[in-house]
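Working through the structure, step by step
So the chains spell out like this:
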Amino acid sequence: AQSVTQLDSQVPVFEEAPVELRCNYSSSVSVYLFWYVQYPNQGLQLLLKYLSGSTLVESINGFEAEFNKSQTSFHLRKPSVHISDTAEYFCAVSEGKGGSYIPTFGRGTSLIVHP
Amino acid sequence: DGGITQSPKYLFRKEGQNVTLSCEQNLNHDAMYWYRQDPGQGLRLIYYSQIVNDFQKGDIAEGYSVSREKKESFPLTVTSAQKNPTAFYLCASSRLNREDQPQHFGDGTRLSIL
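Please read all numbers here as calculations on a predicted model, not as lab measurements. (Residues numbered from 1 in each chain as written. Chains lettered and ligands numbered in written order. Predicted model: local features only at pLDDT ≥ 70, side-chain atom pairs only at ≥ 80, totals over all residues. Heavy atoms only, no water.)

**Examining the pairing of strand β6 (residues 54-57) of chain B**
Residues and elements named next belong to chain B. Here is the rule: Pairs of strands are assigned from DSSP output, requiring at least two bridges between the strands. For the purposes of this entry, the term helix denotes a DSSP run of H or I that reaches at least four residues, the term strand denotes a run of E that reaches at least two, and both are numbered from the N terminus.
With 3 bridges connecting them, strand β5 (residues 42-51) and β6 associate as antiparallel partners. Directly across from Y48, in β6, lies its bridge partner Q56. Counted between consecutive antiparallel strands, the loop separating β5 from β6 contains 2 residues, among which N53 sits at a positive phi close to 65°.

**Observations regarding the interface of chain A and chain B**
When the parts of a complex come together, some accessible area is lost, and that lost area is often used as the size of the interface. The criterion, for reference: In this description, contact between two residues means that some pair of their heavy atoms is separated by no more than 4.5 Å. As a working definition, buried area equals the accessible area (1.4 Å probe) given up by two parts on being put together, with both sides summed. In the sections that follow, a salt bridge refers to a side-chain nitrogen of Lys or Arg positioned within 4 Å of a carboxyl oxygen of Asp or Glu. Residues adjacent in sequence count toward polar contacts only when both atoms are side-chain atoms; beyond that, a polar contact is any pair of N or O atoms within 3.5 Å, and within protein one must be able to donate a hydrogen and the other to accept it. Three residue categories are used. Nonpolar comprises Ala, Val, Leu, Ile, Met, Phe, Trp, Tyr, Cys and Pro, charged comprises Asp, Glu, Lys and Arg, and polar comprises the others, including Gly.
Chain A puts 22 residues into the contact, and the matching count from chain B is 25 residues. Across the interface of chain A and chain B, roughly 1,800 Å² is buried in total on both sides, 58% from carbon and sulfur atoms. Among the residues of chain A in contact with chain B, N41, Y101 and I102 of chain A are the three that bury the most area, contributing 35% of the side total. Counting across the interface, chain A meets chain B through 0 salt bridges. Applying the counting criterion to the chain A and chain B interface returns 5 residue pairs in polar contact (both at pLDDT 80 or more). Looking at the side of chain A that touches chain B, the elements with two or more residues in it are β5 (31-38), β6 (44-50) and β10 (87-95) of chain A. Among the elements that make up the side of chain A that touches chain B, the one with the highest residue count is β5 of chain A (4 residues). Residues that form the side of chain A that touches chain B fall into these classes: 11 nonpolar, 7 polar and 4 charged.

**What about the pattern of salt bridges?**
Residue and element names in this part refer to chain A. Selection criterion: Only protein chains enter the accessibility calculation, which uses a 1.4 Å probe; a residue whose area is less than 20% of its type maximum is buried, one above 50% is exposed, and one in between is partly exposed.
Applying the stated criterion to the full structure yields 8 salt bridges over all chains. Ionic pairing is found between E64 and R77, a salt bridge with its closest N-O pair at 3.8 Å. Of the two residues, E64 sits in strand β8 (residues 64-68) while R77 sits in strand β9 (residues 73-78), which places them 13 residues apart along the sequence. With its nearest N and O atoms 3.2 Å apart, the salt bridge here joins E66 to R77. Placement of the pair is E66 in strand β8 and R77 in strand β9, with a sequence separation of 11 residues. Overall, R77 belongs to the partly exposed group, its relative accessible area being 24%. Three or more residues joined by partner-sharing salt bridges are found here, namely E20, E64, E66 and R77.

**Section: the sheet that holds strand β3 (residues 19-25) of chain B**
Note on sheets: strands pair through backbone hydrogen bonds, and any given pair is parallel or antiparallel. Residues and elements named next belong to chain B. As a reminder, the rule being used: Here an angle of 0 to 180 degrees is reported between the N-to-C directions of two axes, which are lines fitted to C-alpha atoms, with helices fitted over the stretch in contact.
The strand order across the open sheet built from 4 strands is β1-β3-β8-β7, with neighbouring strands paired in antiparallel fashion. Each edge of the open sheet carries a strand with a single partner, namely β1 (4-7) and β7 (64-66). Neighbour-to-neighbour, the strand axes of this sheet turn through a mean angle of 20°, independent of strand direction. Here β3 pairs with strand β8 (residues 76-78) via 3 bridges, running antiparallel. Residue pairing in the sheet places T20 in a bridge with T77 of β8.

Quick look at the structure:
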């Protein structure tokens, strides 16, 4: 069965500083990986996804994540954060053929950007 | 624009009362899901449906019921048997059996006990 671990429940950081939100997964088959962002009192929005090919994927607002198969990780990074990046971030994994198509979500990491 | 609409945004339940949360989508997705979100616990799957008139229990189905009479609609009823219903409820949809496709989410319903 697939599982996702987000290692930090809360990450405080100052504006314009770099940030990394960590995500590790476990699965016995090939996986698809996603990062979602949730602003207060809203639903989740897709930030970026890894399906295949290049292990580095980027979003339109400066976030990037790297798929590392040997370390079973999919950490999210941004070189310089803004106040508006303050939100909850969820890592999710779904399995390829032979596994569950229903994604499993991590418990979330609250990114708090201070001025 | 296509999307998922959840209503109401806020809902209050009295003791012993059943309440129904609405979820409608116009994305032509076959699969729909209900999640419960509590602080620090992420998203937990309540029920999901892959096709009209069929649905399956998720990890925390006790105290909840659903129906899927139309492809576009997947209402969730929180029954009086659910002793701790205070939470944020999220509805989602996706293409069927496309594990490489992301889920689309509504903006949630926050349920509280009076």
